[in-house]
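Tertiary structure, described
The chain contents come next:
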Amino acid sequence: MSINCDVLVIGGGPAGSALATLLAEKGWNIHLLEKTSHPRFHIGESLLPQSVPILQQLGVLHEIEKIGIKKYGAELISHYEKTSQVFYFGRAIDESQPYAFEVKRDEFDAVLLRNAESKGAHIHEGVRAQHVEFHSGMSSVVHAQNQAGASLSWEAKFVVDASGRDTFLSGQLGGKRRNPQHNSGAIFGHFKDVTRYTGKDEGNIAVAWHDHGWSWIIPFKDGTSSVGVVCWPDYFRSRNVPLDQFLQDTINLSPTLAERMRQARPISPVYAAANFSYQQQAMSGEGYLMIGDAFSFIDPMFSSGVHLALNSALLGAEVVEAHLQESPDYAKCLRDFEASVERGLKTFSWFIHRFTQPAFRSVFISDHPPRFIEKGVLSLLAGDVFGKSPTFFPLLLFKFFYYLAYVTNWRENQAASRRRKQGMANTATNLKDYAVNQET
Ligand SMILES: Cc1cc2nc3c(=O)[nH]c(=O)nc-3n(C[C@H](O)[C@H](O)[C@H](O)COP(=O)(O)OP(=O)(O)OC[C@H]3O[C@@H](n4cnc5c(N)ncnc54)[C@H](O)[C@@H]3O)c2cc1C
């Protein structure tokens, strides 16, 4: 016997929970399957200011304020230029949202999922979607299994894939492509006794460049921190020590972070995420939509993942509702949704692909950046990438100065470019992706 519903959402991360909340609030019959049980570990802990209004719209902001530490800025550290710079979001074009939050994702995701439930969505934890039967012009049947091994099924008018890096529907339908321009992996864990700033800067994320990629420290409200490194695949293949030692060795490539980690002790296992960046060819088809990481994943150097996931859920909910209402606006809604998702990914990707170039560092952390450009860059860092503020010309000017710096110092930049390409030439790492391999 199948359970009937309007929408079956696969995945209870930020994307799935947000979309389920928005549609359940409007009275639609929403069922959500989550293969794990919340709270559960997840990476992706640094949020962007422009997500805050979305959290408010979802009705969870007061709860996130309780679990999160305020993040007023991002500190970029370059030991090559022996410098660091803090980018304060309050100086962005949109000054109305000067901070975001750093959150532990087990707590954050649980708040979002319970919120969806309180708004009327039916949540099924410990239930893994296994296969979807699509029937043209009719409801789809979603087959799943619970933790006891029992088979379950749902008959849904619309299916939303929000399964994150598991990319559930791509696994069934094919069409997922590795990003040919950027590929890397990550290892990370939680630590205590990491040195941090006090006062307003306490919640800032720290990001440091190193020879094989970049590293991060994200402080949490309870005094602990998330620490991780993102590197090219060839560097991971050179590993001949245990993962935790490798994480420490890689952190030590950035003297400032090494100093902050001197007293640090691990309080979680070390996790890995392999073969990072991908995109599915199409984010929608008859009777389904993909949102968040289920559609695309880009390197998290700008902490963009949750923001992109929430934004795609917001617009995705409008698409699904237009479908359920058989609205004449459905095609337009879908076009707007797809254009917005592409715009967000594209805007961040230009900067991500050049992040490790010396030319990028020299323009990005310049001592006296022209105010006009600085505002544009800060707006990008704040997640203001969906056309709310006029960022086009400041970012265009940034790109102009980047190319100028590249040409001026072309030998060093060419060498960095070669290093990056060599690092990504073979995408196989000896890492296992914790998200995909995580058992229920
Ligand atoms: C190393 C690393 C660092 C990152 N750092 C940041 C950061 O600082 N800031 C940031 O914003 N983002 C960051 N991200 C990205 C962020 O983690 C994701 O973009 C974000 O979690 C996407 O949300 P989502 O809802 O699409 O997917 P997820 O949060 O992954 O949620 C998907 C859910 O679907 C469930 N699921 C999967 N398959 C099934 C199935 N078959 N049936 C039922 N349930 C299923 C999973 O258990 C999971 O709960 C980082 C990512 C990585 C890998």
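Residues numbered from 1 in each chain as written. Predicted model: local features only at pLDDT ≥ 70, side-chain atom pairs only at ≥ 80, totals over all residues.

Section: the sheet that holds strand β18 (residues 278–280)
This is how the line gets drawn: Criterion used throughout: strands pair if DSSP finds at least two bridges between them. Elements are defined by DSSP. Helices are runs of H or I of four residues or more, strands are runs of E of two residues or more, and each kind is numbered from the N terminus.
If you trace the three strands from one edge of the open sheet to the other, you get β11-β18-β21, paired in antiparallel fashion. Looking along the sheet, the strands with just one partner apiece sit at the ends: β11 (176–178) and β21 (296–297). Of the strand pairs in this sheet, β18 and β21 are connected by two bridges, and their pairing is antiparallel. Counterpart to Gln-279 in the pairing with β21 is Ser-296.

Describing the nonpolar core
The cut-off we apply is this: Working definition: the nonpolar core is a set of buried Ala, Val, Leu, Ile, Met, Phe, Trp, Tyr and Cys residues, joined through C-beta atoms within 7 Å. Buried means a residue has 20 or more other C-beta atoms within 10 Å of its own C-beta, exposed means 12 or fewer, and partly exposed covers the counts in between; C-beta atoms are placed from the backbone. Note: domain ranges come from an automatic or database domain assignment. Distance between backbone-placed C-beta atoms decides contact: two residues are in contact if it is within 7 Å.
If you look at the biggest cluster of nonpolar residues, it comprises 130 residues, and the most contacted ones within it are Val-7, Val-9, Leu-19, Leu-23, Ile-30, Val-160 and Ile-291. Per element, the largest residue contribution to this core is ten residues, and it comes from helix α9 (residues 305–324). When residues of this core are assigned to domains, at least three fall in each of domain 1 (3–68 + 103–179 + 277–347) and domain 2 (70–102 + 184–274 + 356–438). If we skip the residues at most four places from it in the chain, Leu-23 touches Val-7, Trp-28, Ile-30, Ala-317, Val-320 and Glu-321.

Re unusual backbone geometry
A cis amide bond, omega 0°, links His-38 with the succeeding residue Pro-39. By secondary structure assignment, the location of Pro-39 is in the loop between β2 (30–34) and α2 (52–58). Of note in the backbone geometry, Asp-193 takes a positive phi value of approximately 60° without being a glycine. Checked against the element boundaries, Asp-193 lands in the loop between β12 (185–192) and β13 (205–210). Assessed through the 15 C-beta atoms surrounding it within 10 Å, Asp-193 is described here as partly exposed. For Glu-326, which is not glycine, the phi torsion reads 50° and is therefore positive. For Glu-326, the location among the structural elements is in the loop between α9 and α10 (330–354).

A short note on the pairing of strand β10 (residues 151–161)
With seven bridges joining them, strand β1 (residues 3–10) and β10 adopt parallel strand pairing. Looking at the pairing, Val-7 lines up with Phe-158 of β10. Connecting strand β9 (residues 140–146) to the next strand, β10, in antiparallel fashion are four residues, including Gly-149 with a positive phi near 95°. Here β10 pairs with strand β20 (residues 288–290) via three bridges, running parallel. Within β20, the position partnered with Val-160 by the bridge is Leu-289.

Here we look at the site of the ligand
Using the following cut-off: By convention here, the C-beta atom is placed from the backbone, and a residue is near a molecule or strand when that atom is within 6 Å of it. Side-chain classes follow a simple rule in which Ala, Val, Leu, Ile, Met, Phe, Trp, Tyr, Cys and Pro form the nonpolar group, Asp, Glu, Lys and Arg form the charged group, and the remainder, Gly included, forms the polar group.
Residues in close proximity to the ligand total 40 residues, the closest being Gly-13, Gly-44, Gly-164, Gly-292 and Gly-305. Elements with a contribution of two residues or more to the shell around the ligand: α1 (14–25), β2, β8 (127–133), β12 and α9. Per-element accounting of the shell around the ligand gives the leading share, four residues, to α9. Each residue belonging to the shell around the ligand can be placed in one class, and the counts come to 17 nonpolar, 16 polar and seven charged. Looking at which domains feed residues into the shell around the ligand, each of domain 1 (3–68 + 103–179 + 277–347) and domain 2 (70–102 + 184–274 + 356–438) gives three or more.

A word on the domain arrangement of the protein chain
Looking at the assigned domains, one finds that the protein chain contains domain 1 (3–68 + 103–179 + 277–347) and domain 2 (70–102 + 184–274 + 356–438). Computed from C-alpha coordinates alone, the two centres of domain 1 and domain 2 are separated by 27 Å. On the domain 2 side, the residues contacting the 31 residues of domain 1 number 32 residues. Every element with two or more residues in the side of domain 1 that touches domain 2 is listed here: α2, α3 (61–67), α9 and α10. Counting residues per element, the side of domain 1 that touches domain 2 draws most heavily on α10, which supplies four residues. Grouping the amino acids of the side of domain 1 that touches domain 2 by side-chain chemistry returns eleven nonpolar, 13 polar and seven charged.

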